[in-house]
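Architecture and fold: a report
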Amino acid sequence: MAVFEDPFAGKRGTYQFTMSHLEHGVLFRDEEDYVYGVNSLAIGTLKYSVSLLGYTLMSNHFHLLLSGTYTECENYFHFMLRRLIRLLSKKYGVKGLIKADTFNVTAVLDRQTFVNELAYLLRNAYRARLASPHSYRWSSADVYFNPFREQVHGISFCTLTQEQKRVILRSHENVPGNWEHANGCILNRFFVDYQKAEKILEDSVSLFDKLRLYDLESAVKMAHGLAESMRFSDSQLQEKIALICRKEYHVESVHQLDRKSLFLLARSLSRRFAATKSQLRRLLGLTDDMLDKIL
């Protein structure tokens, strides 16, 4: 990553941190992993002097919109990376997948850029054809300009024992007793600074206008230096792979396929679902040399 020159010169500012898309694996494989990711974001807000203004967790990358000094924001981002490295190592035995320097930072210097960045962040699930921005569970979309957010009740942490908290959070961090969780996932309104975000946005119309604009993609992607656009997300392809394995190869996972069947599956995914080489590397564990011969 190129050296980032902080335009706020050590004072508090607003930044979007984007973890680079993984080329050879995924971060979040199931609901439990996503819950761990959300709870990690929440715990981080207690450890660092930052305001989390927005986030989106995708299967192979994530976006954070943060307010604070650059040093604190970067420390928070790396805290998230360390938690994910620990998850991948302990749960899946995967090491070396996440590189500490593979991320992009954009400074948010004005209100319009803030609107663009937040809308772009929230549109990720829609672009991947997973869900609408407001129905995607693993983002902060549900808290902005939502008068009903306080009516969503979870289980208060003050009713739990220390051991129960540790099991849910996979951390010894002591979260505030008034925080609530639903199915183990801390509710966004307790750790996302939606009030600060709403103050910057000024009204819901500008945000919703940006959420529906297709031409927003190219403008923000140019600012981030991004060019990837997937027809199907990793999560969607994982579901299709599982279905094909059961129906066509009569096995439960790709790990049970022989080499020839694995190559045939890769070719099928490329042709039927426009799976990219990077997706096939991540999801099937194939190398570039193998893919060049197959495709």
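The structure under discussion appears in the preceding block.
Just so it is clear, the model here is predicted, and its values are computed rather than measured.

One open sheet holds the three strands; their spatial order is S5-S6-S7, and the pairing between them is antiparallel. The outermost strands of the open sheet, each flanked by one partner alone, are strand S5 (155–156) and strand S7 (185–186). The pairing of strand S6 (residues 180–182) with S7 spans two bridges and is classified as antiparallel. Residue pairing for S7: His-181 is matched across the bridge by Ile-186.

Read from one edge to the other, the open sheet built from four strands follows the order S2-S3-S1-S4, with strand pairing classed as antiparallel. Sheet topology places strand S2 (51–57) and strand S4 (103–108) at the edges, where each strand pairs with a single neighbour. Geometrically, the sheet is characterised by an average inter-axis angle of 15° between neighbouring strands, direction not taken into account. Summarising the sheet, strand S1 (residues 13–19) and strand S3 (residues 62–68) pair through six bridges and their orientation is antiparallel.

We now examine the side chain of His-181. Take His-181: it is sitting in strand S6. A polar atom in the side chain of His-181 sits 3.0 Å from the backbone nitrogen of Gly-184. Once residues within four sequence positions are removed from consideration, His-181 is found in contact with Gly-154, Ile-155, Phe-157, Leu-160, Ile-168, Ile-186 and Leu-187.

Attention shifts here to the packing of aromatic side chains. This model, assessed by the stated rule, comprises 13 aromatic pairs. Pairing Tyr-15 with Phe-17 gives two aromatic rings, centres 6.4 Å apart and planes at 65°, and the pair type is edge-to-face. With respect to class, Tyr-15 is no different from Phe-17; both count as buried. What links up through ring pairs into an aromatic cluster is the set Phe-8, Tyr-15, Phe-17, Phe-62, Tyr-70, Phe-77 and Phe-103.

Before going further, it helps to spend a moment on the packing of helix H9 (residues 234–248) against helix H10 (residues 259–273). In contact at an axis separation of 12 Å, H9 and H10 are set at 125° when each is read in the N-to-C sense. Classified by the angle between their axes, H9 and H10 sit oblique to one another. In terms of crossing hand, the pair formed by H9 and H10 is right-handed. Of the residues in H10, those in contact with Leu-237, Lys-240, Ile-241, Ile-244, Cys-245 and Glu-248 of H9 are Leu-265, Leu-269, Arg-272 and Phe-273. Residues that form the contact of H9 with H10 fall into these classes: seven nonpolar, no polar and three charged.

Calculation criteria
- Residues numbered from 1 in each chain as written.
- Predicted model: local features only at pLDDT ≥ 70, side-chain atom pairs only at ≥ 80, totals over all residues.
- Heavy atoms only, no water.
- Pairing = 2+ DSSP bridges.
- Helix = DSSP H or I, 4+ residues; strand = E, 2+ residues; numbered from the N terminus.
- Axes fitted to C-alpha atoms, helices over the stretch in contact; angles between N-to-C directions.
- Polar contact = N/O pair within 3.5 Å; in protein donor to acceptor, adjacent residues only side chain to side chain.
- Contact = heavy atoms within 4.5 Å.
- Phe/Tyr/Trp six-rings, centres within 6.5 Å; stacked < 30°, edge-to-face > 60°.
- Buried < 20%, exposed > 50% of the residue type's maximum accessible area, 1.4 Å probe, protein only.
- Parallel < 35°, antiparallel > 145°, perpendicular 65-115°, else oblique.
- Left-handed = near helix turned anticlockwise from the far one by under 90°.
- Nonpolar A, V, L, I, M, F, W, Y, C, P; charged D, E, K, R; others polar.

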